[in-house]
Amino acid sequence: MEDDRRAWSEEDRAAYRAFVREHHPDVGGDPAEFAAGLRALRERAATPAEEPDAPIVFVTRQSALPRLVSALSARRRRKRNPRVR
């Protein structure tokens, strides 16, 4: 369901919130009408999203080990203050 909500437009979200505020059983709405309305809103918003305009690019990240080694090396290279005796 979370993936469905990401594809919803702002108008769909606003309509969903308004419907829930008005018809939720906790505020005196009819449970059957509430369930039917939610189903209708979800079906309306479940239409496929438009194709993206830009091409999708996958970016690979360095694995954790090389990043860790790099961070430790950088830390080791830093100049430390001389100890005072």
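Fair warning: this is a prediction, and the values are worked out from it, not measured in the lab. (Residues numbered from 1 in each chain as written. Predicted model: local features only at pLDDT ≥ 70, side-chain atom pairs only at ≥ 80, totals over all residues. Heavy atoms only, no water.)

Brief notes about the overall build of the protein chain
Spelled out, the test is: Helix and strand definitions here come from DSSP, where helices need a minimum of 4 consecutive H or I residues and strands a minimum of 2 consecutive E residues; each element is numbered from the N-terminal end. Method for areas: the Shrake-Rupley scheme with a 1.4 Å probe, in which residue coverage is limited to the protein chains shown.
Scanning the protein chain for helices and strands turns up 4 helices and 0 strands. When the helices and strands of the protein chain are read in sequence order from the N terminus, they spell out α-α-α-α. Carbon and sulfur atoms make up 52% of the accessible area of the protein chain, which amounts to about 8300 Å² in all.

Side note on the side chain of His23
Quick reminder of the rule: Here a polar contact means two N or O atoms within 3.5 Å. Within protein one must be a hydrogen donor candidate and the other an acceptor candidate, and residues neighboring in sequence count only if both atoms are side-chain atoms. In this description, contact between two residues means that some pair of their heavy atoms is separated by no more than 4.5 Å.
Of note, His23 is situated in helix 2 (residues 10–23). At 3.4 Å, the side chain of His23 forms a polar contact with the side chain of Glu33. Sequence-distant contacts of His23, that is, excluding residues within four places in its chain, are made with Gly29, Asp30, Glu33 and Phe34.

Let's talk about the pattern of salt bridges
Basically, it comes down to this: Throughout this description, the term salt bridge denotes a Lys or Arg side-chain nitrogen within 4 Å of a carboxyl oxygen of Asp or Glu.
Within this structure, the stated rule accounts for 1 salt bridge. Notably, a salt bridge pairs Arg13 with Glu10, separated by 2.8 Å at the nearest N-O pair. With a gap of 3 residues between them, Arg13 and Glu10 both fall in helix 2, about one helical turn apart.

Some words on a nonpolar patch on the surface
Let me state the cut-off plainly: Within the patch definition used here, like charges are joined within 9 Å and nonpolar side chains (Val, Leu, Ile, Met, Phe, Trp, Tyr) within 5 Å, considering only residues with over 30% relative accessible area and no salt bridge. Burial classes follow relative accessibility: with a 1.4 Å probe on protein chains only, a residue under 20% of its type's maximum area counts as buried, one over 50% as exposed, and anything between as partly exposed.
Together, Leu65, Leu68, Val69 and Leu72 make up a nonpolar patch on the protein surface, roughly 400 Å² of accessible area in all. Within the secondary structure, Leu68 is located in helix 4 (residues 64–77). Judged by its relative accessible area of 48%, Leu68 falls in the partly exposed class.

Brief notes about the environment of Gly37
Take Gly37: it is sitting in helix 3 (residues 31–45). Judged by relative accessible area, Gly37 falls into the buried class, the value being 15%. Between the alpha carbons of Gly37 and Phe19 there is a distance of 7.8 Å; along the sequence they are 18 residues apart.

Structural notes on the nonpolar core
Applicable threshold: The definition of a nonpolar core used throughout is a set of buried Ala, Val, Leu, Ile, Met, Phe, Trp, Tyr and Cys residues joined through side-chain atoms within 4.5 Å.
If you look at the biggest cluster of nonpolar residues, it comprises 6 residues: Trp8, Tyr16, Phe19, Phe34, Leu38 and Leu41. At the level of secondary structure, the elements contributing two or more residues to this core comprise helix 2 and helix 3. With 3 residues, helix 3 is the single largest residue contributor to this core.

Here's the deal with helix 2
Worth spelling out the cut-off: To estimate how far a helix should extend, the number of its residues minus one is multiplied by 1.5 Å. Our arc is simply the arc of the directions from the helix axis toward the C-beta atoms.
Its 14 residues place the ends of helix 2 20 Å apart at the C-alpha level, agreeing with the 20 Å of an ideal helix rising 1.5 Å per residue. What helix 2 keeps buried is the set Asp12, Tyr16, Phe19 and His23. Down the axis of helix 2, the buried set is contained in an arc of 70°. They therefore lie on one face. Those residues of helix 2 that are exposed and angled more than 90 degrees off the buried face are Glu10, Glu11, Arg21 and Glu22.

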